[in-house]
Amino acid sequence: MIIIGEKINGAIPQVKEAIERRDAKFIAQRAVKQQQAGADFIDLCAGTAPEREIETLTWLIEVVQDVTETPLCLDSPNPRVIEAVFKYVTKPGLINSISEEGDKCEILLPLMAGNNWEVIGLTCDNKGIPGDVQAKVEIAKTMVEKAAKFGVVPERIHIDPCIMALATDNDALLKLIREISEIRALYPSIHITSGLSNISFGLPARALMNKTFMTLAIQAGMDSAVMDPTNRDMMGTIFAAYALLGKDKHCRAYSKAFRQGKIGALEN
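A brief structural summary.

Cut-offs used in this document
- Residues numbered from 1 in each chain as written.
- Predicted model: local features only at pLDDT ≥ 70, side-chain atom pairs only at ≥ 80, totals over all residues.
- Heavy atoms only, no water.
- Pairing = 2+ DSSP bridges.
- Helix = DSSP H or I, 4+ residues; strand = E, 2+ residues; numbered from the N terminus.
- Contact = heavy atoms within 4.5 Å.
- Axes fitted to C-alpha atoms, helices over the stretch in contact; angles between N-to-C directions.
- 1 Å grid on protein atoms, 1.4 Å probe; cavity = no way out; pocket = protein on both sides within 12 Å on 5 of 7 lines; lining within 4 Å.
- Points joined across faces, edges and corners; volume = space filled by probe spheres on them.
- Parallel < 35°, antiparallel > 145°, perpendicular 65-115°, else oblique.
- Nonpolar A, V, L, I, M, F, W, Y, C, P; charged D, E, K, R; others polar.
- Left-handed = near helix turned anticlockwise from the far one by under 90°.

Moving on, we come to the sheet that holds strand 2 (residues 41-45). Read across the open sheet, the eight strands follow the order 7-6-5-4-3-2-1-8; overall the sheet is parallel. The sheet is open, and its two borders are formed by strand 7 (191-192) and strand 8 (224-227), each paired with just one other strand. In this structure, strand 1 (residues 2-9) lies alongside strand 8, joined through four bridges in parallel fashion. Bridging from a neighbouring strand, I2 pairs with S224 of strand 8. Those strands touched by helix 2 (residues 24-37) are strand 1 and strand 2, and its axis lies near 165° from that of strand 1. The sheet strands contacting helix 6 (residues 133-148) are strand 4 (94-100), strand 5 (118-125) and strand 6 (157-160), and the helix crosses strand 5 at an angle near 140°.

Before going further, it helps to examine empty space enclosed by the protein. A full pass over the atoms with the stated rule returns one cavity of 30 Å³ or more. Of the volumes computed, that of the largest cavity is approximately 60 Å³. The wall of the largest cavity is formed by P130, G131, K136, C162, I163, M164, D169, A172, K175, L176 and E179. Looking at the lining of the largest cavity element by element, the count peaks at four residues for helix 7 (residues 172-186).

Turning our eyes to something else, we now look at the packing of helix 1 (residues 13-21) against helix 2. It is the contact of helix 1 with helix 2, at a shortest axis distance of 8 Å, that shows an interaxial angle of 135°. Put simply, helix 1 runs oblique to helix 2. Residues Q14, V15 and A18 of helix 1 lie in contact with helix 2, whose contacting residues are F26, I27 and R30. A breakdown of the residues in the contact of helix 1 with helix 2 according to their chemical character gives four nonpolar, one polar and one charged.

Across the interface, helix 7 lies against helix 8 (residues 206-220) with an axial gap of 9 Å and an inter-helix angle of 25°. As the angle between them shows, helix 7 and helix 8 are arranged roughly parallel. As for how helix 7 packs across helix 8, the hand of that crossing is right-handed. For the pair helix 7 and helix 8, contact is made by L173, L176, I177 and I180 and by F213, L216, A217 and A220, respectively. A per-class count over the contact of helix 7 with helix 8 returns eight nonpolar, no polar and no charged.

In short, the description is geometric, and any link to function would need to be established separately.
Quick look at the structure:
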């Protein structure tokens, strides 16, 4: 599982306050904890007013790069912001995100030519998120075809099928399973990602729903997730699911994670 750490986001009240105070120590500690917990990328989302976003994201990049070698995930709804800060990142990371909304592909995909950057592709367009499985598959195809023009192969793309909340769409997971199957049939090496909290929005006991969703999504073929890597229960669920599905030979990764103290109950 490719883990995209989500804990440096201006939408989180504590992080918002730290950004406003320019509390580099707080941000650095969050980055290091995510790295130690197993994050493959550390997502940076300023979440500030548009006129301050470039300056804030540049500051976040500098702070996090000073304390960790983990690749960054540049996260902004405005592609021009990512374009502006791209030059400050010292090693290839992940762009979050492109879609068929506006000119995001046209602005961001050229940045990926001739390097090893990866990208998240959201299956939405100017009309929003389609409710139809085939419509999402067609959007994914369009993005992959556009990416190919810049030498970006499917292995560098994480398609996010934009799962809807189960509270509003009772077939949300069943649709995701079909979307994964159809996208993977076209592009076997492409990554499938998702934000874990979307499925449980509006429901009680969200942690329970999120962990169960993770297990079923892994079985369906999801291999990337935007999540909190310091959540021991969720990380344990991932290692257990991989072992149970025969994706972890002799349960070596599961056992190693336990020995390293990444999963299982904490000792008092």
